[in-house]
Amino acid sequence: MTATAPAAEATVRKSSPGTARGPRRRTGRLRRVGLPYLLLLPALLLELLVHLVPMVIGIAMSFKELTQFYIRDWSTAPWAGLDNYSVSVDFDAPVGKALLHSFLVTVAFTVLSVGLCWLIGTAAAVFMQDTFCGRGLLRALFLVPYALPVYAAVITWVFMFQHDNGLVNHVLHDQLGLTDKPSFWLIGDNSFVALLTVSVWKGWPFAFLIVMAGLQNIPRELYEAAALDGAGMVQQLRRITLPSLRPVNQVLVLVLFLWTFNDFNTPYVLFGKSAPEAADLISVHIYQASFVTWNFGTGSAMSVLLLLFLLVVTGVHLALTSRGRRTAQ
């Protein structure tokens, strides 16, 4: 009896640390698992407040007859149903016709801007792959337009596009003699060219940065083997570079499309509240419909239609790219 008591005590002492260690392990595991979600919680709440809540409010406003008479308390505005949407898509009426024109201008502007940004950025990234003196400095200079604040960069272009003392007219007309007289770049049909120039100048460094990062993942042995087989630069570009960059370009084109189609800062700083007809992008058009004519219901409906269009384009793009990847595999 006296021999079994110490043995029992020893058994209890050995088992007690294990039983205490079990809850501690579970608590530590819960901390490790829950800590990432806890760290993400402030960002999720901020995203909810900054993006999702205003989006839901905007969708609700699109179903109301919200004008300047109900700004103080927009919840008291009469219910309009789908009237704001029917007015926006009635292309025979002035509001719908103006929206359709703005949409077509935005599509043309986006296609040209994205295409030129991708082309210039890809060409610059391929050129920068070769080692030469001053390559690091040239890379830094290429990224300057992307690093500059949008307002500072566009305001600089506003001064350059001035009719009387702008740098663009000074070079094209006074120095090179390419035009008969100084051109008006911020009004008329030339406003589209001015807007496209500023957009491409501001956007191509991003394409250059992304493509240059994608080129780092292509093994140099592929180019060396192709050179030994007699492939020139154009053949290497077609057979190696572009196929290898296909996943990068798919994401790059989608991001550039969404940014350019939604761009509001560039035309607003360049032209002000009322953009010329040739450069009437849909973002500025919705702003005018909402804050200039004080018809927030119609402006919200236009915003929702724009959101639906971008969602459809994004969905189609993702479906086509995923189908292409499955076919390639």
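Residue numbering note: each chain is counted from 1, following its sequence as written. Local features in this predicted model are restricted to residues whose pLDDT is 70 or higher, and side-chain atom pairs enter the listing and the counts only when it is 80 or higher, whereas totals over whole chains, interfaces and linings include all residues. Only hydrogens and water are set aside; all other atoms, that is, all heavy atoms of the structure, feed into the side-chain values.

Notes on the overall build of the protein
If you tally the helices and strands in the protein, you get 14 helices and 0 strands. For the purposes of this entry, the term helix denotes a DSSP run of H or I that reaches at least four residues, the term strand denotes a run of E that reaches at least two, and both are numbered from the N terminus. Secondary structure of the protein in N-to-C order comes out as α-α-α-α-α-α-α-α-α-α-α-α-α-α. Residue burial in the protein is summarised as follows: out of 329 residues, 33% are buried. Whether two residues are in contact is decided by their heavy atoms, any of which lying within 4.5 Å being enough. Counting only contacts in the protein whose residues sit at least 6 apart along the sequence, the fraction spanning at least 24 positions is 65%. Each residue is assigned to one of three classes by its accessible area relative to the maximum for its type, calculated with a 1.4 Å probe on protein chains only: buried under 20%, partly exposed between the two thresholds, exposed over 50%.

Observations regarding the nonpolar core
Throughout this description, the term nonpolar core refers to a set of buried Ala, Val, Leu, Ile, Met, Phe, Trp, Tyr and Cys residues connected via side-chain atoms within 4.5 Å. Phe161, Leu195, Phe208, Leu256, Leu270 and Phe271 are the most contacted members of the largest nonpolar core, which has 42 residues in total. Every element with two or more residues in this core is listed here: α3 (94-127), α6 (150-160), α8 (190-215), α9 (220-228), α11 (246-261) and α12 (265-271). No other element matches the 13 residues that α8 contributes to this core. Excluding residues that lie within four positions of it along the chain, Leu256 makes contacts with Val114, Cys117, Gly203, Phe206 and Ala207. The next biggest cluster of nonpolar side chains, apart from the first, holds 9 residues, and it includes Phe257, Ala289, Leu306 and Leu310.

Observations concerning the side chain of Thr260
Along the polypeptide, Thr260 turns up in helix α11. Among residues more than four places away in sequence, those in contact with Thr260 are Phe109, Thr110, Ser113, Val114 and Ser199.

Overview of the packing of aromatic side chains
By convention, a stacked pair of Phe, Tyr or Trp rings (six-membered ring in the case of Trp) has centres within 6.5 Å and planes under 30 degrees apart, an edge-to-face pair has planes over 60 apart, and any other such pair is tilted. Evaluated as defined, the whole model comprises 21 aromatic pairs. Note on Phe103 and Phe309: the rings are 5.0 Å apart at their centroids and 85° apart in plane angle, and the pair reads as edge-to-face. With Phe103 in helix α3 and Phe309 in helix α14 (residues 296-328), this pair connects stretches of sequence that are 206 residues apart. Judged by relative accessible area, Phe103 falls into the partly exposed class, the value being 25%. Look at Phe309 and you get partly exposed, because its relative accessible area is 27%.

Quick look at α6
Within the sequence span of α6, burial applies to Ala153, Val154, Trp157 and Val158. The buried residues of α6 occupy an angular sector of 145° when projected down its axis, which confines them to one face. Tucked inside the fold, the buried residues of α6 contact α8 and α12. Directions are taken from the helix axis to each C-beta atom, and the arc is the one they span.

Some thoughts on unusual backbone geometry
Phi at Trp294 takes a positive value of approximately 60°, unusual for a residue other than glycine. By the secondary structure assignment, Trp294 is in the loop between α13 (282-292) and α14.

Thoughts on the packing of α3 against α11
Comment: axis = line fitted to C-alpha atoms, over the contacting stretch for helices; angle = value between 0 and 180 degrees taken between N-to-C directions. Interaxial distance between α3 and α11 falls to 9 Å at its minimum, and their mutual angle equals 140°. As summarised for this structure, α3 and α11 are arranged oblique, according to the angle between their axes. For the pair α3 and α11, the crossing hand works out as right-handed. Along its contact with α3, which presents Phe103, Thr106, Val107, Phe109, Thr110, Ser113, Val114, Cys117 and Trp118, the element α11 presents Asn249, Leu252, Val253, Leu256, Phe257, Thr260 and Phe261. Of the residues belonging to the contact of α3 with α11, the class tally is 11 nonpolar, 5 polar and no charged. Just so you know how the angles are binned, under 35 degrees is roughly parallel, over 145 roughly antiparallel, 65 to 115 roughly perpendicular, and the rest oblique. Note: crossing handedness is left-handed where the near helix turns anticlockwise from the far helix by less than a right angle, and right-handed where it turns clockwise. Under the scheme applied, nonpolar residues are Ala, Val, Leu, Ile, Met, Phe, Trp, Tyr, Cys and Pro; charged residues are Asp, Glu, Lys and Arg; polar residues are all the others, including Gly.

A short note on the environment of Leu256
Counting through the fold element by element, Leu256 comes out in helix α11. Residues Leu256 and Trp204, spaced 52 residues apart in sequence, show a C-alpha to C-alpha distance of 9.4 Å.

Side note on the packing of α8 against α11
For the pair α8 and α11, the least separation of the axes is 10 Å and the interaxial angle reads 160°. Classified by the interaxial angle, the pair formed by α8 and α11 is roughly antiparallel. For α8 against α11, the interelement crossing comes out right-handed. The segment α8 lies against α11, with Ser199, Gly203, Phe206, Ala207, Ile210, Val211 and Gly214 engaging Val248, Asn249, Leu252, Val255, Leu256, Trp259 and Thr260. Split by residue class, the contact of α8 with α11 holds 9 nonpolar, 5 polar and no charged.

Description of the confidence of the model for the protein
Regions with low pLDDT carry predicted coordinates that are not meant to be interpreted in detail. As a per-residue measure, pLDDT tells how confident the predictor is, with possible values from 0 to 100. For the protein, mean pLDDT is 85; residues scoring 70 or higher make up 89% of the total. Here helix α1 (residues 4-61) stands out as the least confident element of the protein, with mean pLDDT 70; α3 is the most confident, with 94.

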